Amino acid sequence: MSHNKQLSLILGKTLFAAAWADGRIQPQEIDCLKDIIFHLPGIDDAAWAELEKYMGSPIDDDERAELLSELHDMVDSDADRDFITQATNRVFMADGVITTEEQRAIREVSYILRKETDKVDLDGLSDAIRESLKRRDHAIRKSLRPDEITKLGQGDRLQLLIILEERFAEQDIDLEISQQEKQRLILFGALLARVANADEEVAPSEIEVIEKAVASRWNLSKNEASFLTQIAFSEEAQGVDLLRLAREFYEVTTQKERMDALGVLIDVSRADEVIRHIESVTIHEIAEQLKLSQSDISDAMVDALTREKQQ
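Residues numbered from 1 in each chain as written. Predicted model: local features only at pLDDT ≥ 70, side-chain atom pairs only at ≥ 80, totals over all residues. Heavy atoms only, no water.

1. Here's the deal with the overall build of the chain
Line of reasoning, step 1. Along the chain, the regular secondary structure elements total 16 helices and zero strands.
Line of reasoning, step 2. Radius of gyration (C-alpha) of the chain: 21 Å, near the 19 Å computed for a compact globule of 311 residues.
Line of reasoning, step 3. Projecting the C-alpha coordinates of the chain onto the three principal axes gives extents of approximately 65 × 45 × 30 Å.
Line of reasoning, step 4. When the 311 residues of the chain are sorted by exposure, 51% land in the buried category.
Line of reasoning, step 5. For the chain, contacts bridging at least 24 residues in sequence account for 76% of all contacts bridging at least 6.
Line of reasoning, step 6. Element-wise, carbon and sulfur atoms account for 47% of the exposed surface of the chain, whose accessible area totals about 14800 Å².
Line of reasoning, step 7. Within the chain, one finds 38 positive and 64 negative side-chain charges whose respective centroids are separated by 1 Å. (Helix = DSSP H or I, 4+ residues; strand = E, 2+ residues; numbered from the N terminus. Rg over C-alpha atoms; globule rule 2.2 N^0.38 Å. Buried < 20%, exposed > 50% of the residue type's maximum accessible area, 1.4 Å probe, protein only. Contact = heavy atoms within 4.5 Å. Areas by Shrake-Rupley, 256 points an atom, 1.4 Å probe, with all protein chains shown as cover. Lys, Arg positive; Asp, Glu negative; His and termini not counted. Charge placed at Lys NZ, Arg CZ, Asp CG, Glu CD.)

2. Quick word on helix H14 (residues 255–269)
Line of reasoning, step 1. Helix length check: H14 (15 residues) gives 21 Å between terminal C-alpha atoms against 21 Å at 1.5 Å per residue, within 8%.
Line of reasoning, step 2. Of all 15 residues that make up H14, eleven are buried, and the element is covered over most of its length.
Line of reasoning, step 3. Those residues of H14 that sit buried are Arg 258, Asp 260, Ala 261, Leu 262, Gly 263, Val 264, Leu 265, Ile 266, Asp 267, Val 268 and Ser 269. (Expected span 1.5 Å × (residues − 1).)

3. Some remarks on the environment of Trp 48
Line of reasoning, step 1. Structurally, the position occupied by Trp 48 is in helix H3 (residues 45–54).
Line of reasoning, step 2. Along the backbone, Trp 48 and Val 75 are 27 residues apart, and their C-alpha atoms lie at a distance of 21 Å.
Line of reasoning, step 3. Discounting residues that sit within four places of it in the chain, Trp 48 has contacts with Lys 34, Ile 37, Phe 38, Ile 43, Met 55, Arg 247, Tyr 250 and Glu 251.
Line of reasoning, step 4. Looking at Trp 48, its side chain comes within polar contact range of the side chain of Glu 251, at 3.1 Å. (Polar contact = N/O pair within 3.5 Å; in protein donor to acceptor, adjacent residues only side chain to side chain.)

4. Observations regarding helix H2 (residues 27–37)
Line of reasoning, step 1. Summarising burial for H2: ten of the eleven residues are buried, a large majority.
Line of reasoning, step 2. For H2, the complete set of buried residues consists of Gln 28, Glu 29, Ile 30, Asp 31, Cys 32, Leu 33, Lys 34, Asp 35, Ile 36 and Ile 37.
Line of reasoning, step 3. On its buried face, H2 is in contact with helix H1 (3–19), H3, helix H5 (78–92), helix H7 (123–142) and helix H13 (242–251).

5. Thoughts on unusual backbone geometry
Line of reasoning, step 1. For Asp 172, which is not glycine, the phi torsion reads 60° and is therefore positive.
Line of reasoning, step 2. Checked against the element boundaries, Asp 172 lands in the loop between helix H9 (160–170) and helix H10 (179–196).
Line of reasoning, step 3. Of note, the phi angle at Lys 291 is positive, near 65°, even though the residue is not glycine.
Line of reasoning, step 4. Its relative accessible area of 23% is what places Lys 291 among the partly exposed residues.

6. Concerning the packing of H1 against H3
Line of reasoning, step 1. Packing of H1 against H3 brings their axes to within 10 Å, and their N-to-C directions diverge by 25°. Comparing the axis directions of H1 and H3 gives the class roughly parallel. Taken as a pair, H1 and H3 cross one another with a handedness that is right-handed. Residues Leu 9, Gly 12, Lys 13 and Phe 16 of H1 form the contact with H3, whose participating residues are Ala 47, Glu 50, Leu 51 and Tyr 54. (Axes fitted to C-alpha atoms, helices over the stretch in contact; angles between N-to-C directions. Parallel < 35°, antiparallel > 145°, perpendicular 65-115°, else oblique. Left-handed = near helix turned anticlockwise from the far one by under 90°.)

7. Notes on the pattern of salt bridges
Line of reasoning, step 1. Tallied over the full model, the rule gives 26 salt bridges.
Line of reasoning, step 2. The partner of Arg 64 in a salt bridge is Asp 61, with the nearest N and O atoms 1.9 Å apart. Placement of both Arg 64 and Asp 61 in helix H4 (residues 61–74) is noted, with a separation of three residues, approximately one turn of the helix.
Line of reasoning, step 3. Take Arg 64: its relative accessible area is 10%, and that puts it in the buried class.
Line of reasoning, step 4. Here Asp 61 falls in the exposed class, since its relative accessible area comes to 54%.
Line of reasoning, step 5. A single network of salt bridges, built from pairs that share partners, joins Asp 31, Asp 35, Arg 136, Asp 241, Arg 244, Arg 247 and Glu 251. (Salt bridge = Lys/Arg side-chain N within 4 Å of Asp/Glu carboxyl O.)

8. Looking at the nonpolar core
Line of reasoning, step 1. Judged by nonpolar contacts, the single largest core of 46 residues is most densely connected at Phe 188, Leu 192, Ile 210, Val 214, Leu 228, Phe 249 and Leu 262.
Line of reasoning, step 2. Of all the elements in the fold, those that place two or more residues in this core are H9, H10, helix H11 (204–217), helix H12 (222–232), H13, H14, helix H15 (277–289) and helix H16 (294–310).
Line of reasoning, step 3. No other element matches H10, which puts ten residues into this core.
Line of reasoning, step 4. Discounting chain neighbours no more than four positions away, the residues touching Leu 262 are Ile 283, Ala 287, Leu 292, Asp 296, Ile 297 and Ala 300.
Line of reasoning, step 5. Counting residues in each nonpolar core, the second largest holds 45 residues, with Ala 19, Trp 48, Ala 87 and Ala 94 among its members. (Core = buried A, V, L, I, M, F, W, Y, C linked by side-chain atoms within 4.5 Å.)

Interpretation in functional terms is not warranted from these geometric data alone.
As structure tokens, then:
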């Protein structure tokens, strides 16, 4: 594991420990915490699996102190300190907003790592994390319908997949397949909806392209491709929180499947032979949320053009 990846991993554990500073954390806060820690740079499938496992149990005072000490000891250069500072900033900027409290926490982390203060604790970081979790929870609830919110208690876990599955079932968009495969298709369909509706115009050619692309790239049956396409063009798929949607899709797919999904997004955007600016922006935004690089996007674009020429 690279040094930067190790730094991200220990920082992720430290951020989780900061969230436990008052000795409790609600079920829905765990998911919100995952949403923001997920954006640490350099975290691949293996590192994320380790972090998820770590986030499954409480953190006591002694372990919090050990984590902060370990992070402090691992940072031995200006490059390391800059990396940690930028990584912390990226986590708090995951939803595009950063508060004064969060900026203060980032500075505090920087001071600690530069040994410019003798106060080595997680108080400021804990307060900032709590603020970020509240904002995340609000964003998720804002994306739900009023009747969906009333089903939830304040401490209930917001299980996006279950909510989406119920939405589509109400509109008779359903399919008799394994639960695991249905969940993957639901999440992918909701991601596709962001591209298919990016320009607020739905061309008949886009429907045909989606069915053909997902059937080919994901090796789906006709019924499965139709199910996914219905989701992509349904009103129920609109307005779903992207941070949660992308993270949950990432967790149930492989790197190859995510690259194939990116290819489908590009195919759909090219259905009318022109990729509009808003579609390009949306694709890049989704790719970034799925931890795909600019190089991955370029490779997927070349592959899409090659496939088109071969048809």
